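Structural features, examined
This is what each chain is made of:
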Amino acid sequence: MRSEVITIRTGSRPTVRDITREAERFVTGQGDGLLHVFVPHATAGLAIIETGSGSDDDLLSAIDDLLPTDDRWRHRHGSPGHGRDHVLPAFLPPYATVPVIDGRLALGTWQSICLVDPNGDNPTRQVRFSFR
């Protein structure tokens, strides 16, 4: 199995960061197999969605609607409402698997692999790509 960790800057605000290009670079020339993407963080997840047409902002709005940043959360360290960030991976898992055919990601026309990070307390994230 081939594996590599990259660092992604997500900044200090909730973000949906397209990491498809980084994933494509990792699998180029690898033949057929599976790309596994994993985010080793308790407050971030992965989504395969369309980006650039407002879907990324819609996703962040949906997260805010479903998991508001208010004082309902028992987990209370960090910025106000940070407890919801620890619940996020139950809804957006910290992993995704994508088929690779002839060294190319077999994503649909409008699909992108996205790192979803609602936690502005951590401005950088690590992502592990593994290919088998």
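Described in the following lines is the structure provided in the data block. From a predicted model like this one, the values you see are computed outputs, not experimental measurements.

With that out of the way, let us pick up the overall build of the chain. The secondary structure content of the chain amounts to 3 helices and 8 strands. Walking the chain from its N terminus toward its C terminus, one meets helices and strands in the order β-β-α-β-β-α-α-β-β-β-β. Rg of the C-alpha trace for the chain: 15 Å, near the compact-globule value of 14 Å for 132 residues, within the 12% margin. When its C-alpha atoms are laid out on the principal axes, the chain stretches across 50 × 30 × 25 Å. Here the chain holds 132 residues, and 42% of them are scored as buried. Carbon and sulfur atoms provide 48% of the accessible area of the chain, an area that totals close to 7,400 Å².

If you walk across this open sheet you meet the 5 strands as β1-β8-β3-β5-β6, and the pairing is antiparallel. Looking along the sheet, the strands with just one partner apiece sit at the ends: β1 (2–9) and β6 (104–105). Relative to β6, strand β5 (residues 95–101) runs antiparallel, the two sharing 2 bridges. Along β6, the bridge assignment pairs Val100 with Leu105. On top of the sheet, helix α1 (residues 20–27) reaches β1, β3 (33–38), β5, β6 and β8 (124–131); it is set at about 35 degrees to β8, its chief contact.

Rules and cut-offs
Residues numbered from 1 in each chain as written. Predicted model: local features only at pLDDT ≥ 70, side-chain atom pairs only at ≥ 80, totals over all residues. Heavy atoms only, no water. Helix = DSSP H or I, 4+ residues; strand = E, 2+ residues; numbered from the N terminus. Rg over C-alpha atoms; globule rule 2.2 N^0.38 Å. Buried < 20%, exposed > 50% of the residue type's maximum accessible area, 1.4 Å probe, protein only. Areas by Shrake-Rupley, 256 points an atom, 1.4 Å probe, with all protein chains shown as cover. Pairing = 2+ DSSP bridges. Contact = heavy atoms within 4.5 Å. Axes fitted to C-alpha atoms, helices over the stretch in contact; angles between N-to-C directions.

The quantities given are spatial measurements derived from coordinates; they are silent on function.
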